[in-house]
Amino acid sequence: MSKIFRYSLSDTEFIAGEELLCFGDVLNDFVNAKYINILTYNISENKGVLLDAVKKAGARDIPIKIITNIPGRWPYYANYYRKKAAKNKIEIYERKLNPVFLGKLASVFFKFNNHGKIIMTDSIIYWGSANFSDESKKNYECGTLSRDKKFIEYVNSVIIPEVIKESTSYYDTEYYVCVMSMYSAIAYIHNMYDEIHEASYGYHESFTEEIEYFDFQNNYINWTMLTELMETINEYETILDDLIDDLESSEKEANYEELEKLLKEYNDYISSSNRTIVDLCYKLEKLARFDSHEYANDLLADDYASEAYEENLGNCVEMASNDAREVLAELIESSVKSILALLELLSEYEDTMLRFIDYIMGLANVNAEIDNTK
């Protein structure tokens, strides 16, 4: 990578010392992170606090990217013993960095000349001398922590993709990037299910448990939410088309006929489901666009304008608010079936696509380019 990147920073601090993990603040943010990126020279060969934290974060199905060198791996080896030592280390890295154990949205890459060290979430980033291994704690290390949001997005959208572009992926499949995009889309579908469910249900505390109920008086589904959902599933269909093209161009799939049949079934399912989701979103449009405060204010300005004199203003505000609540309740009641159908379909959508991706990833093998000692 011959490009030089520069960026001016704010909200940044220097950190240095020994007997501490300089990047500890970033590890602490893993519990809240929407994504994690790690660019590292090495990892701990024994039990490591970093990978333990990654696995816990990965269980929340957030995107995780790890890019590492493998110290001691060289293009050529002077003798059998050096080759054997390199092979042992490569096997350790393959075993410890298997994406299957790091999270459904984890992807791993190897850049064999990397010496950069970056660890980041969507909220905080560290870069500096410290390797992201427990062994680094014994050394005097220094680096920089930043919470500069624009800089964090810059590194996430520019620097990390640039490094990945020149790296070797963990798996040998050409369609691995498509699969990771599909996982990201599924994570969004999962979050959208939670948002729509939370917007439509209330909770009542009893003596022994929290009881969930459909709220017929309040609903917080909005049109922006539904628009983003429709845009995402449209992108998802495009990703699936790209995956199908990649698989069809691959000549190494022994069970291609079976795979082709499965791809058609899932493609038909996605197309049909997407059409149904769009239909349901538009059935919910009136509810999603309804603004109780705006409706009540319009009533005050129009229907109650002649009555809303100073002494009677409070009474008119209350009547307008009651009218708005009644309209909202009617919209909710007429939308119940569509809301429940959308929630059921999103849940089925997620489960179906996860099964599909698990099958696709079952075809993947560890990239032979990682181990150059064979």
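Everything here concerns the structure above.
Rules used in this analysis
- For every chain, the first residue of its written sequence is number 1, and the numbers climb from 1 along that sequence.
- Note on the predicted model: pLDDT of at least 70 is required for a residue's local features to be given, and 80 or more for side-chain atom pairs to be given and counted; whole-chain, interface and lining totals, by contrast, use all residues.
- In computing side-chain properties, one takes all heavy atoms of the structure into account and sets aside hydrogens as well as water.
- Numbering of helices and strands runs from the N terminus; a helix is a DSSP stretch of H or I covering at least four residues, while a strand is a stretch of E covering at least two.
- Relative accessibility decides the category of a residue: with a 1.4 Å probe and only protein chains considered, values under 20% of the type maximum give buried, values over 50% give exposed, and everything between is partly exposed.
- Should any heavy atoms of two residues lie within 4.5 Å, those residues are counted as being in contact.
- Reported accessibility uses the Shrake-Rupley method at a 1.4 Å probe radius. Residues are deemed covered only where the shown protein chains occlude them.
- Whenever a carboxyl oxygen of Asp or Glu lies within 4 Å of a side-chain nitrogen of Lys or Arg, that contact is scored as a salt bridge.
- Pairing between strands is defined by DSSP: at least two bridges between them are needed.

### Description of the overall build of the chain
Inference 1: Tallying secondary structure elements over the chain gives 11 helices and 10 strands in all.
Inference 2: Counting across all 374 residues of the chain, residues that qualify as buried make up 48%.
Inference 3: Taking as baseline every contact in the chain between residues at least 6 positions apart, the subset at least 24 positions apart corresponds to 80%.
Inference 4: As displayed, the chain offers around 20500 Å² of accessible surface, 49% of which is attributable to carbon and sulfur atoms.

### Digging into the pattern of salt bridges
Inference 1: Summed over all chains, the structure comprises 7 salt bridges.
Inference 2: A salt bridge links Arg-147 to Glu-13; its shortest N-O distance comes to 3.5 Å. Separated by 134 residues along the polypeptide, Arg-147 in the loop between strand 7 (141-146) and helix 5 (149-165) and Glu-13 in strand 1 (residues 12-17) bring together distant segments of the chain.
Inference 3: The salt bridge partner of Asp-371 is Lys-87, with a shortest N-O separation of 2.9 Å. Of this pair, Asp-371 sits in the segment after helix 11 (313-361) while Lys-87 sits in helix 3 (residues 80-96); the two residues are 284 residues apart in sequence, bridging distant segments of the chain.

### Focus on the pairing of strand 3 (residues 64-68)
Inference 1: Summarising burial for strand 3: 4 of the 5 residues are buried, a large majority.
Inference 2: Taken together, the 5 bridges between strand 2 (residues 36-40) and strand 3 define a ladder with parallel strand orientation. Counterpart to Ile-38 in the pairing with strand 3 is Ile-66.
Inference 3: Pairing of strand 3 with strand 4 (residues 106-110), which is carried by 5 bridges, proceeds in the parallel orientation. By the bridge assignment for strand 4, Lys-65 is matched with Ser-107.

### What to know about unusual backbone geometry
Inference 1: At Asp-11, a position not held by glycine, the phi torsion is positive, near 50 degrees.
Inference 2: Inspection of the secondary structure puts Asp-11 in the segment before strand 1.

Don't take any of this as a statement about function, it's just geometry.
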